[in-house]
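# Understanding the architecture of this molecule
Take a look at the letters that make up each chain.
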Amino acid sequence: MDIGFLGQYLINGLVQGVTYSLVAVGFTLFFGVLDVIKFSHGDVLMLGAFTGLTIYLGLDPLSLPPSITLCIILIASILSMGFVGALLCKFLVLPLKSAPPLNTLLITLMFGTVIRESVRLFFPNGSNPKPFPELLPTNAINLGNLNLRVDSVLIILFAVVAIVLTNFIINKTRTGLAIRAVAQDEETARLMGIDFKKTVLITFALGSGLAALSGVSTGLYYQEINFGMGLMLGVIGFSAAVLGGLGSVYGAIVGGLIFAALQTIGAIWFSVPAYKDVFAFAVVIMLMAWRPTGLLADRTSERV
Amino acid sequence: MVPSIFRERWPVVLLGLAAYVSTFLFLHLEQEWEIALLLGIVPLVLYFAKKFGISAKCRQAVDAAPVFTRAVFLLSALALIVTLRHEHFALLLLATVLLYATISMGLTIQFGYAGLVNFAAIAFFGIGAYSMAVLNQSPNGLPDLMIIVIGGVVAALIGSLLILPVLRTKGHYAALITIAFGLLFRSFLEVNDILGGPQGLKVSGLNILGWDFAQSFPAILGGGSFYVSYTLLALVLLIGVFSMTRLIESSWLGLNMDSVRLDETASASFGINVARWKIMAFTVGNFFAGMSGALYASMSGFVAPASFNLSDSLLLVSIVLLGGMGNAVSVIPAAFLVVVLPEKFQVIQEYRLLLFAVIVILILRFKPSGLMPRPLRRLINTSSK
């Protein structure tokens, strides 16, 4: 295989990997502060993409330049999904805080189902795939067999900026300090005067905003979105977070990249591309059996 | 003395009769307004029964005579099949309810007793169905009844691949593993040409001891739709699985599982082998799902990957939750509601997943123990005098 093809696989894998990482960071954040898994994460992602599409359709008559439209779409969909995430947390997750973890898991799973079904049933013609606008430049640079699309580079760039920004918020700001404190020890954090509820809500908003970003960038990359896209992306993002070790942001990023790498290997290895997911999930299940708390497990995340 | 026995047991007979009448009407009626009327009447009857102390009496009578109760309910189920024997669609629905209830028994053992999460129930059901499809085609001379059991065994065996990862992980992690397995199973079926790919496989009807299930019910026995045979077999399967579930629940097996669910650390320190009980619950549950799937495959005549979605697994979990986690009895009416209502209300059909998701959210939020919570385990038999 020549180097150009390899580079092509690398770029494609990288685009998917950063998308997965964005989703996985959300999972890891929620788990950090509240020890819960928000299974509706993938569907929030999908809702973010559909929100972006709706805003685009609304802005279309104004015929703004694509870059401004894109900025508006991104900001609006990130903000609105942040709001949805905070609402979900306030009304469905926090009230079940003392219930068995299974209940939280089920309630978010069902909330995700509600989002998915609502989009399918109530979005005009929602059960069919929707074309997503081409807002990124589509020209490509040809380097031998490597066809470097500008939009892939931009999407990777968006994701990297978002991850760096999240990292900055968590490690350098007062809010981030509160998030880390709550993740380490809720009771002590409360004693130190941290507003627990507010911190948790902010974390949920942050994670859901990241999901919206990855939803929109998935739409931009494939130029198509559908109501079921969140299901697979959610499970993959969760696998990535678990693979890296829940509660660790770096683990989530690494996990996302590993999952994309597994899929790429699967696609090259088996000539039938559909086997790539079977392969990737099978490897994840095996890795989990080998290291149940993930590859980069946060030592403090193990609380028995 | 007959009269005194009758005085004690009339509430059971009444219950059986009520179950028969309501299920018959639900299955038989076709107009939507009739069903809606029925849906309005049933809760009203239940409410008044509670108000006038009839339901308390019923509970007492049921507790006092468990064998008699089972006989009454078996009779009303048989009566239901007999009265509906010429209606294809009603029988198909009834058989589906019975098969879904069978899977839900397995889920009750997994979720309700051992506290194991399994979001891949439909995958194990599918494994059973595909086993039937494959084994039924090849001329290996295996009797069909045995294939049903083999379907269960194959499901349990494939499930045992997941045991190690499920045991080593907890809660959310285990949930991920089962969800990933369910997705993996479906994608695998879709790309596998030997198993028919997206089109699936055709399955021929059952033939047990020369009794061809594809023909209409033997005229000597009263005649009727060919679904009668399948419904009877599904009933037998459910009875077997239900009895097993109840036996597990009331025995030391269930006691051990309960303690594993409630506190793993404490159970382990009392010498209970946590892994063993989890393995047992997982395997038995998948076995039930597999058998149910095998029977379903031969009844519907074909299997295809499209019938084994994550949303079906979620529907099954909502059956268990709706009935009350860990209550093997209430799972049956819950399965009935979840399967039959959307079929009867074509309006709902499209919205059923949305509807059930909302109902489950409301239940979890406001009444987490389900509509009929599992009764407390009684270690001393108080009803015997």
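Once a new chain begins, its residue numbering starts again from 1 and follows that chain's sequence as written. The lettering of chains begins at A and the numbering of ligands begins at 1, in the order of writing. Under the rules for a predicted model, residues below a pLDDT of 70 receive no local features and side-chain atom pairs below 80 are neither given nor counted, while totals for whole chains, interfaces and linings still include all residues. Calculated side-chain values reflect all of the structure's heavy atoms, with hydrogen atoms and water omitted.

The next thing to look at is the overall build of chain A. If you tally the helices and strands in chain A, you get 11 helices and four strands. Against the globule reference of 19 Å for 304 residues, chain A gives a C-alpha radius of gyration of 19 Å, in line with a compact fold. Counting all 304 residues of chain A, 55% fall into the buried class. Pairs at least 24 residues apart make up 75% of the contacts formed inside chain A by residues separated by at least 6 positions. Element-wise, carbon and sulfur atoms account for 67% of the exposed surface of chain A, whose accessible area totals about 13100 Å². For the charge count, each Lys or Arg is scored as positive and each Asp or Glu as negative, with His and the chain ends excluded. Charged side chains are reduced to one point each, which is NZ for Lys, CZ for Arg, CG for Asp and CD for Glu. Between the mean site of the 17 positive side-chain charges and the mean site of the 15 negative ones, chain A shows a separation of 7 Å. Per the convention used, a helix needs a DSSP run of H or I reaching at least four residues, while a strand needs a run of E reaching at least two, with both numbered from the N terminus. The quantity called the radius of gyration is restricted to C-alpha atoms. Its globule counterpart is 2.2 Å times the number of residues to the power 0.38. Burial status follows relative accessibility: with a 1.4 Å probe on protein chains alone, a residue under 20% of its type maximum counts as buried, one over 50% as exposed, and anything between as partly exposed. What makes two residues a contact is simply this: any of their non-hydrogen atoms within 4.5 Å. Only the protein chains shown count as covering a residue, and every accessible area follows the Shrake-Rupley method with a 1.4 Å probe.

What follows is about the overall build of chain B. Within chain B, the regular secondary structure consists of 16 helices and four strands. Considering chain B as a whole, with its 385 residues, one finds that 50% of them fall into the buried category. Roughly 17900 Å² of accessible area belongs to chain B as shown, and the carbon and sulfur atoms make up 70% of that amount.

Let's shift gears to the nonpolar core. If you look at the biggest cluster of nonpolar residues, it comprises 213 residues, and the most contacted ones within it are Leu34(A), Leu27(B), Phe119(B) and Phe124(B). Broken down by element, the residue count for this core peaks at 16 residues, all from helix H5 (residues 88-113) of chain B. Filtering out sequence-adjacent residues up to four positions away, Leu27(B) remains in contact with Leu80(B), Leu84(B), Glu87(B), Ala90(B), Leu93(B), Leu94(B), Phe336(B), Val340(B) and Lys344(B). As used in this record, nonpolar core signifies buried Ala, Val, Leu, Ile, Met, Phe, Trp, Tyr and Cys residues forming a set joined through side-chain atoms within 4.5 Å.

Residues and elements named next belong to chain A. An axis is simply a line fitted to the C-alpha atoms; with a helix, the fit covers only the stretch in contact. Between two such axes, the angle follows the N-to-C directions and lies from 0 to 180 degrees. At a minimum axis separation of 7 Å, helix H2 (residues 41-59) and helix H9 (residues 229-244) run at an interaxial angle of 135°. As far as their axial angle goes, H9 and H2 are oblique. The two elements H2 and H9 cross, and the hand of that crossing is right-handed. Residues Gly42, Asp43, Leu45, Met46 and Ala49 of H2 touch H9, and the partners they reach there are Met229, Gly230, Leu231, Leu233 and Gly234. All amino acids are sorted into three groups, where Ala, Val, Leu, Ile, Met, Phe, Trp, Tyr, Cys and Pro are nonpolar, Asp, Glu, Lys and Arg are charged, and the leftover types, Gly among them, are polar. Taken together, the residues of the contact of H2 with H9 sort by class into six nonpolar, three polar and one charged. Roughly parallel here means an angle under 35 degrees, roughly antiparallel means over 145, roughly perpendicular means 65 to 115, and every remaining angle is called oblique. Throughout, a crossing is termed right-handed when the near helix is turned clockwise from the far one, and left-handed when it is turned anticlockwise from it by less than a right angle.

Moving on to the interface of chain A and chain B. With 45 residues of chain A in contact, the opposing surface of chain B contributes 40 residues. A 1.4 Å probe defines the accessible area here, and the buried area is the portion of it lost by two parts on being joined, summed over both. Taking both partners together, chain A and chain B bury about 3800 Å²; carbon and sulfur atoms supply 82% of that area. Any carboxyl oxygen of Asp or Glu within 4 Å of a side-chain nitrogen of Lys or Arg constitutes a salt bridge here. Along the contact surface separating chain A from chain B lie zero salt bridges. Pairs of N or O atoms within 3.5 Å make up the polar contacts considered here, provided that, within protein, one atom can donate a hydrogen while the other can accept it, and that residues adjacent in sequence are counted only when both atoms are side-chain atoms. The tally of links between chain A and chain B comes to one residue pair in polar contact (both at pLDDT 80 or more).

Our focus in this paragraph is the packing of aromatic side chains. A pair of aromatic rings is counted whenever rings of Phe, Tyr or Trp (Trp by its six-membered ring) have centres within 6.5 Å, and the orientation is called stacked for planes under 30 degrees apart, edge-to-face for over 60 and tilted otherwise. Inspection of the entire model under this criterion finds 18 aromatic pairs over all chains. On the numbers, 4.9 Å between centres and 75° between planes, the contact of Phe50(A) with Phe123(A) is edge-to-face. One end of the pair, Phe50(A), is in helix H2; the other, Phe123(A), is in the loop between helix H4 (101-122) and strand S1 (130-131), and 73 residues separate them in sequence. Judged by its relative accessible area of 3%, Phe50(A) falls in the buried class. An aromatic cluster of three or more residues is present, and its members are Tyr100(B), Phe125(B), Tyr130(B), Phe185(B), Tyr296(B) and Phe308(B). Only Lys NZ and Arg CZ are tested; either one counts as a charge over a ring when it is within 6 Å of the ring centre and within 35 degrees of the ring normal. When the ring centre of Phe91(A) is taken as reference, the NZ or CZ atom of Lys90(A) above it lies at 5.7 Å.

Residues and elements named next belong to chain A. The full count for this structure, using the stated rule, is eight salt bridges over all chains. In this structure, Arg116 and Asp43 form a salt bridge, with 3.1 Å as the shortest nitrogen-oxygen distance. With Arg116 in helix H4 and Asp43 in helix H2, this pair connects stretches of sequence that are 73 residues apart. Judged by its relative accessible area of 7%, Arg116 is buried. We classify Asp43 as buried; its relative accessible area is 3%. For Glu117, the salt bridge is made with Arg120, and the minimal N-O distance between the two is 3.0 Å. Placement of both Glu117 and Arg120 in helix H4 is noted, with a separation of three residues, approximately one turn of the helix. We note that Glu117, like Arg120, is buried. What emerges from the salt-bridge pattern is a single network uniting Lys97, Glu186 and Arg190.

Despite not being glycine, Gln223(A) shows a phi value in the positive range, around 55°. Here Gln223(A) shows up in the loop between helix H8 (196-222) and strand S4 (224-225).

Let us now look at a nonpolar patch on the surface. All names here are of chain B. What makes a patch is a set of residues exposed beyond 30% relative accessible area and free of salt bridges, joined within 9 Å when like-charged and within 5 Å when nonpolar (Val, Leu, Ile, Met, Phe, Trp, Tyr). The grouping of Leu14, Leu44, Tyr47, Phe48, Phe52 and Ile54 at the surface amounts to a nonpolar patch, some 610 Å² of accessible area in total. It is helix H2 (residues 32-51) that contributes the most residues to the nonpolar patch, three residues altogether. Within the secondary structure layout, Tyr47 lies in helix H2. Owing to a relative accessible area of 49%, Tyr47 belongs among the partly exposed residues under this scheme.

Moving on, we come to the side chain of Ser131(B). Looking at the element boundaries, Ser131(B) is found in helix H6 (residues 121-137). On the basis of relative accessible area, Ser131(B) is assigned to the buried category, the value being 9%.

Let us look at the domain arrangement of chain B. Residues and elements named next belong to chain B. The source of the domain bounds is an automatic or database domain assignment. Domain assignment breaks chain B into domain 1 (1-83) and domain 2 (89-366). Facing the 16 residues of domain 1 at the interface are 17 residues of domain 2. Considering only the side of domain 1, the residues that lose the most area to domain 2 are Leu27, Glu32 and Ile81, jointly responsible for 47% of the buried surface there. Counting the contacts that link domain 1 with domain 2 gives zero salt bridges. At the junction of domain 1 and domain 2, the tally comes to zero residue pairs in polar contact (both at pLDDT 80 or more). Per-element tally for the side of domain 1 that touches domain 2: the top contributor is helix H4 (residues 66-83), with six residues. The residue inventory of the side of domain 1 that touches domain 2, partitioned by class, reads 11 nonpolar, two polar and three charged.

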